Amino acid sequence: MADYIMAQANGRTIPKEDKIFGISNRAKAMIAKEGRDKVVNATIGALLDDDGKLVVLSSVADVFKTLAPEDYAEYAPIGGIAEFKPAIRKAAFFDFEPKSFTEVVATPGGTGGIRDIIGNYSKPGDAVLTSDWYWANYKSIAGEIGRTLETYTLLNEEGTFNKEDFSAKLNEILAKQDSLVIIINTPAHNPTGYSMTLGDWDCIIDAVKEAGSDKKITLYVDVAYIDFAGDESEYRKFLPKLEGLPENILPVIGYSASKTFTLYGMRCGAMICMAPTAEIAAEFKQVCEFSARASWSNSPRAAQKVIAKIYEDEDLLAKVNAERAYYRDLLIKRGKAFEQAASDADLEIVPFDAGFFASVPCDNPDEVSKKLEAEGIFLVPLAKGLRVSVASVSEARCREIPAKIKAAMK
Ligand code: PLP
C-alpha cells in the first residue's frame with residue numbers, strides 16, 4: 001500500500017526522486033565540493049561539449065531570434081502547423097521518399113508520440129513489446145495508461161539480434177491479445193548504442209508477418225537518435241523495408257527534434273505513419289490528434305515554426321546540417337574511443353554502434369555504480385548493467401572510464 005496522502009497509487013510505484021536526476025545531483029554536489037576535474041558525470045542524456053556545456057546548434061538558435069510574437073504566442077493546430085508537417089517529414093525521411101500513405105502528427109518531443117501510439121493502438125491491460133535493454137520511460141508511459149511492458153532478449157550469446165526470442169515473445173503475447181504495439185528504438189539505441197542491421201530488420205519483418213493476418217501489429221520505430229548515428233542516408237536504409245507490408249501491420253516513425261535540432265526544452269517531435277492504405281493513414285491522424293487534444297492539447301508552436309523556417313531555406317538547412325555533422329563526428333569519436341578502451345581493458349560492453357550511450361552488462365549494477373561514485377565517476381545503474389553517456393563527457397574521459405569500471409567490478 002503506497003503512502004500517499006490524497007493521491008491514488010493506481011498500481012504505480014513512484015520513486016521519491018527520479019533516479020537519473022538524483023545521480024546527476026550527487027555529481028553536481030561533488031563538483032561543487034571537489035572541483036570539475038575530479039568528477040566524470042556520464043549520466044546526462046544530452047550532448048555536452050568537452051567543457052561540460054550543452055551543445056546548442058547556433059544555426060538553429062539564430063532562427064529563434066527571427067520569430068515574430070505570433071509565431072510562438074498563437075496556438076498551433078493540434079496536429080501541427082501546416083508548414084511544419086512537410087519540414088519534419090523531410091527531416092525524418094531525409095532523401096527517402098516513401099510510397100506508403102503518410103500522415104504527420106506533431107507531438108511534444110518524442111515522448112508524446114510514445115504515449116499517443118500506445119494509447120491508440122493497444123487496449124487497457126495489453127502488453128507492449130520492446131527489448132530487454134530499454135529506455136525506462138517506456139515502462140512508465142505504458143504503466144501510466146494501464147498497459148504493461150514486456151521484453152524480448154535483444155541479443156543472443158554471439159552478440160547479434162536475438163530473432164528467436166523476438167519471435168517467441170511476439171507470438172506469446174499475440175496468443176493472448178489480438179493486437180500489439182512493438183517499440184523498436186534504433187539506430188543508436190538508448191541505452192546500448194546498438195543499431196538494428198538490415199538483416200535484423202528482415203527478421204523483424206518476417207516475424208511480424210508470420211504472426212498472422214488476423215493480428216493487428218503497430219511497429220513503432222523510435223528514431224530519437226537517428227541524426228547522431230552517422231551518415232543520414234546510410235542510417236535510413238531500413239525505411240524501404242517498412243513499405244508494402246500487409247494491411248494488418250502499421251509502421252510508425254517516432255521522430256524527436258530534441259537531439260536533432262538541440263531543442264530538448266522546446267518539446268517538439270512528430271509521429272509519421274507509413275500506412276499501407278489511405279484509410280489507415282486517415283484513421284491514424286484522427287485518433288492521434290484526438291488523444292493529443294485530450295492530453296497535452298496542442299504542441300508548442302515556436303519549435304515547429306523554427307523547423308519550418310529551416311526547411312524553407314536551402315542555405316540555412318545546409319548550415320544546420322553541417323553544424324550538426326560537426327558535433328555528430330565529435331560524438332562518434334567519443335563512442336569509438338569508449339569502445340576501444342573497453343576492448344583494451346577487457347571490459348565486456350553491449351555491442352555498440354553509435355549514439356549517446358553505451359552499456360556495460362553487470363550483475364550488481366547498483367553496487368558497482370556506488371563504488372564508482374566514490375571515485376567521482378557517475379553512471380546510471382540499470383536492471384541489466386551500467387549506462388555510460390558518451391554524449392556528456394570528453395573523448396579523453398571516454399578512454400579512461402572502461403578501465404575504472406573494470407576495476408570496480410572486480
Ligand atoms: N526515445 C528515447 C529512446 C529517448 O531516449 C528519448 C529521450 O531521452 C526520447 C525517445 C524522447 O525524447 P524527447 O521527448 O525529449 O524528444
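Residues take numbers from 1 onward in each chain, read along the sequence in its written order. With pLDDT at 70 or above as the cut-off, local features in this predicted model cover only qualifying residues; side-chain atom pairs require 80 or more to be listed or tallied, and sums for whole chains, interfaces and linings still use all residues. Each side-chain value is worked out from all heavy atoms of the structure, with water and hydrogens disregarded.

Undergrad: Help me understand the sheet that holds strand β9 (residues 357-361), please; the structure alone is not making it clear to me.
TA: Across a sheet, paired strands are connected by hydrogen bonds in the backbone, their directions being either parallel or antiparallel. Two strands qualify as a pair provided DSSP detects at least 2 bridges between them. Here a strand is any run of E in DSSP of at least two residues, a helix any run of H or I of at least four, and the numbering for each starts at the N terminus. Read across the open sheet, the three strands follow the order β9-β12-β11; overall the sheet is antiparallel. The open sheet is flanked by β9 and β11 (380-381), the only strands paired with a single partner. Note: β11 against strand β12 (residues 385-389), two bridges, orientation antiparallel. Across the sheet, residue V380 finds its bridge partner in β12, namely R387.

Undergrad: How should the site of the ligand be read in this particular structure?
TA: Whether a residue is near a molecule or strand depends on its heavy atoms: it is near if one of them lies within 4 Å of it. Taken together, the neighbourhood of the ligand is formed by 15 residues, with T111, D222, Y225, S256 and S258 sitting nearest. At 2.8 Å, a side-chain N or O of N190 approaches an oxygen atom of the ligand. Two N or O atoms count as a polar contact when they lie within 3.5 Å, although within protein this holds only if one can serve as hydrogen donor and the other as acceptor, and sequence-adjacent residues are included solely when both atoms are side-chain atoms. One nitrogen or oxygen atom from the side chain of D222 is found 2.5 Å from a nitrogen atom belonging to the ligand. Against a free-state accessible area of 390 Å², the protein chains account for coverage of 91% of the ligand. Where accessible areas are quoted, they stem from the Shrake-Rupley method and a 1.4 Å probe; at the residue level, only the protein chains shown are allowed to cover.

Undergrad: Would you explain a negative patch on the surface in this entry?
TA: Nonpolar side chains (Val, Leu, Ile, Met, Phe, Trp, Tyr) are joined into patches within 5 Å and like charges within 9 Å, using only residues with over 30% relative accessible area and no salt bridge. Whenever a carboxyl oxygen of Asp or Glu lies within 4 Å of a side-chain nitrogen of Lys or Arg, that contact is scored as a salt bridge. A residue counts as positive if it is Lys or Arg and as negative if it is Asp or Glu; His and the chain ends are not included. To locate a charge, the coordinates of NZ of Lys, CZ of Arg, CG of Asp or CD of Glu are taken. On the surface, a cluster of negative charge is made up of E312, D313, E314 and D315. The residue E314 is located in helix α12 (residues 314-344) in this model. Only protein chains enter the accessibility calculation, which uses a 1.4 Å probe; a residue whose area is less than 20% of its type maximum is buried, one above 50% is exposed, and one in between is partly exposed. Classification of E314 as exposed rests on a relative accessible area of 69%.

Undergrad: It is not clear to me how unusual backbone geometry should be interpreted in this structure. Could you clarify?
TA: Each neighbour pair has its own omega, and for T186 with P187 the value is -10°, a cis peptide bond. You can see P187 is positioned in the loop between β5 (179-185) and α8 (198-210). In this chain, N190 is followed by P191 through a cis amide linkage whose omega measures 15°. Turning to its location among the elements, P191 is positioned in the loop between β5 and α8. Phi is positive for A188, close to 60°, though the residue is something other than glycine. Mapped onto the fold, A188 is located in the loop between β5 and α8.

Undergrad: Mind showing me how you'd approach the environment of E103 here?
TA: Looking at the secondary structure, you find E103 in strand β2 (residues 101-107). Assessed through its relative accessible area of 25%, E103 is described here as partly exposed. Along the primary structure E103 and G79 are separated by 24 residues, whereas in three dimensions their C-alpha atoms are 9.6 Å apart. The contact criterion used throughout is that any non-hydrogen atoms of two residues lie within 4.5 Å. Here E103 is in contact with M271, I272, C273, A281, F284 and K285, once residues within four sequence places are set aside.

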